[in-house]
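Remarks on the overall topology
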Amino acid sequence: MLVFFVALVGLLFSASVYGQVSRTQELILSAESSEYDSQNLVTDLSGNVQIIFKDQHLKADRVRVNYRSKTIDADGNVLIVTPESN
């Protein structure tokens, strides 16, 4: 699970989250709403947040991506699905 987040955060820095869906070569971000704080380098995603990276899938009600600390905080009905979790 930790490998998922490390790889995911690395890809998030190359992805732009300006709409409801953002897509890079291997990463898909989806949320009902998103806000980017350029001063603090934080993106807040809310409402049916889904992050798909290769064969791994994170679902939550809210996710905060901190680009400075390279962390992701997920809150509310968090579900992580990986090949190993099946």
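Up top is the structure these notes are about.
Described below are features of the structure shown in this document.

Side note on the pairing of strand β6 (residues 71–75)
In the case of a regular strand, side chains alternate between the two sheet surfaces. In this sheet, β6 lies alongside strand β5 (residues 56–66) in antiparallel orientation, the contact comprising five bridges. Of the residues in β6, the one forming a bridge with R62 is D75. The antiparallel hairpin formed by β5 and β6 contains four residues in its connecting segment, where K70 sits at a positive phi of about 60°.

So, the side chain of T82
Residue position: T82 is located in the segment after β7 (79–81). Under the relative-accessibility criterion, T82 is labelled buried at 9%. When residues no more than four places from it in sequence are discounted, the contact partners of T82 are D55 and Q56.

Examining the nonpolar core
Residues L29, A31, L45, V49, I51, L58, A60, V63, V65, Y67 and I72 constitute the largest nonpolar core, which totals 11 residues. Contributions of two or more residues to this core are made by β4 (42–53) and β5. The biggest single contributor to this core is β5, with four residues.

Basis of the calculations
- Residues numbered from 1 in each chain as written.
- Predicted model: local features only at pLDDT ≥ 70, side-chain atom pairs only at ≥ 80, totals over all residues.
- Heavy atoms only, no water.
- Pairing = 2+ DSSP bridges.
- Helix = DSSP H or I, 4+ residues; strand = E, 2+ residues; numbered from the N terminus.
- Buried < 20%, exposed > 50% of the residue type's maximum accessible area, 1.4 Å probe, protein only.
- Contact = heavy atoms within 4.5 Å.
- Core = buried A, V, L, I, M, F, W, Y, C linked by side-chain atoms within 4.5 Å.

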